[in-house]
Amino acid sequence: MNTSTAPMNPEWLNALPQHRLLAEMSLWSADLGHLVDDIARVDARTDIYHIDTADGHFSPALLFFPDLVRCARKVTRKPLHVHLMMADAILHEQIEQFAEAGADAISVHAENANVSAALDHIERLGCVPGVVLQLHTPIAAIQPWLHRIGIFTLLGTRIGVKGQGLDDQAEARLREARELIARQAAQPGQRRVLLVADGGIREHTVPGLRRAGADAVVMGSLAFGAADFDARMDWLHSLPAQ
């Protein structure tokens, strides 16, 4: 196991499979009383772990803290993607704490006040930078930062609340984002950008999200609550992009 809290080489992003839908496992849906056991149970079929962190102000939830990231880092070699839902006053301090705890990627919100400075800070600390958009934020808002990030996450539900249904505009927003990424990728020297769908991830919604352009989906109960986990993952990997 990787017992270091240092971030992985950023080239891990380019090494992820490109021929199938990626599984980004949300540790919010793991059994937190048996976190190490739950990670061990899903680790072989996990591409990335998704770790929601929230301060109770930017988002209504109060979620995860650096020591839990440090715990996860000790028992898996898979990338840890930290989704920061933090007020601007503490954003930079939290970036530092989660990077030190072992995050490999850190995403901030387009709705934060100084996204450019936050992305600079994330990259200086050796993590892959990402940006998350809430439902009310136009997709075009990503354009100033798209060339700088490795992960672009679109929320398909209201921020910080579990168990919601997928919003009707989620697929159209993914298609628009996919077009922006394709245009950006045509420019020389551009890095790979993962397009991630987060929220409302259910058996009946994932095929449409994949067809709309998602490279990865954030899986909560769909994975951790599956009666047959391996069968669920086989199904996920079989979904066509078109």
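Look up: the structure comes first, before these words.
Overview of the structure.

## Digging into the pattern of salt bridges
Close approach of charged atoms lets side chains of opposite charge pair.
Part 1 of the reasoning: Summed over all chains, the structure comprises 11 salt bridges.
Part 2 of the reasoning: Between D104 and R73 there is a salt bridge; the shortest N-O distance is 2.5 Å. Highlighted residues: D104 in the loop between helix 4 (88-101) and strand 5 (105-109) and R73 in helix 3 (residues 66-75), separated in sequence by 31 residues.
Part 3 of the reasoning: Overall, the relative accessible area of 0% leaves D104 in the buried class.
Part 4 of the reasoning: The salt bridge partner of R148 is D120, with a shortest N-O separation of 2.2 Å. One end of the pair, R148, is in the loop between strand 6 (128-133) and strand 7 (151-155); the other, D120, is in helix 5 (residues 115-124), with 28 residues separating them in the sequence.

## Focus on the environment of V218
Part 1 of the reasoning: Within the element layout of this structure, V218 appears in strand 9 (residues 216-219).
Part 2 of the reasoning: Taking the C-alpha atoms as reference, V218 lies 6.3 Å from A197; in sequence the two are 21 residues apart.
Part 3 of the reasoning: Not counting the four nearest positions on each side in its chain, V218 is found in contact with E24, S26, H50, V196, A197, D198 and I201.

## Observations regarding unusual backbone geometry
Part 1 of the reasoning: A positive phi angle, close to 45°, is found at F64, a residue other than glycine.
Part 2 of the reasoning: Within the secondary structure, F64 sits in the loop between strand 3 (62-63) and helix 3.

## Overview of the packing of helix 3 against helix 4
Part 1 of the reasoning: One way to put it is that helix 3 packs onto helix 4 with a least axis distance of 8 Å and a crossing angle of 25°. Judged by the inter-axis angle, helix 3 sits roughly parallel to helix 4. When the axes of helix 3 and helix 4 are compared, the crossing they make is right-handed. For the pair helix 3 and helix 4, contact is made by P66, V69, R70 and R73 and by Q97, F98, E100 and A101, respectively.

## Topic: helix 9 (residues 229-238)
Part 1 of the reasoning: Regarding helix 9, the residues found buried are F229, R232, M233 and L236. Looking straight down helix 9, one finds its buried side chains confined to an arc of 95°; they lie on one side.

## Here's the deal with the pairing of strand 1 (residues 22-26)
Part 1 of the reasoning: Extensive coverage of strand 1 is indicated by the burial of 5 of its 5 residues.
Part 2 of the reasoning: Across 4 bridges, the pairing between strand 1 and strand 9 is parallel. Bridge pairing links E24 to V218 in strand 9.

## What to know about the side chain of D43
Part 1 of the reasoning: Tracing the sequence through the fold places D43 in the loop between helix 2 (35-42) and strand 2 (48-55).
Part 2 of the reasoning: K78 is the oppositely charged side chain nearest to the buried, salt-bridge-free D43, at an N-O distance of 4.6 Å.
Part 3 of the reasoning: A polar atom in the side chain of D43 sits 2.7 Å from the side chain of Y49.
Part 4 of the reasoning: Looking at D43, its side chain comes within polar contact range of the side chain of T76, at 2.6 Å.
Part 5 of the reasoning: Ignoring anything within four residues of it in the chain, the contact list for D43 reads Y49, T76 and K78.

How each quantity is defined
- Residues numbered from 1 in each chain as written.
- Predicted model: local features only at pLDDT ≥ 70, side-chain atom pairs only at ≥ 80, totals over all residues.
- Heavy atoms only, no water.
- Salt bridge = Lys/Arg side-chain N within 4 Å of Asp/Glu carboxyl O.
- Helix = DSSP H or I, 4+ residues; strand = E, 2+ residues; numbered from the N terminus.
- Buried < 20%, exposed > 50% of the residue type's maximum accessible area, 1.4 Å probe, protein only.
- Contact = heavy atoms within 4.5 Å.
- Axes fitted to C-alpha atoms, helices over the stretch in contact; angles between N-to-C directions.
- Parallel < 35°, antiparallel > 145°, perpendicular 65-115°, else oblique.
- Left-handed = near helix turned anticlockwise from the far one by under 90°.
- Arc of directions from axis to C-beta.
- Pairing = 2+ DSSP bridges.
- Lys, Arg positive; Asp, Glu negative; His and termini not counted.
- Polar contact = N/O pair within 3.5 Å; in protein donor to acceptor, adjacent residues only side chain to side chain.

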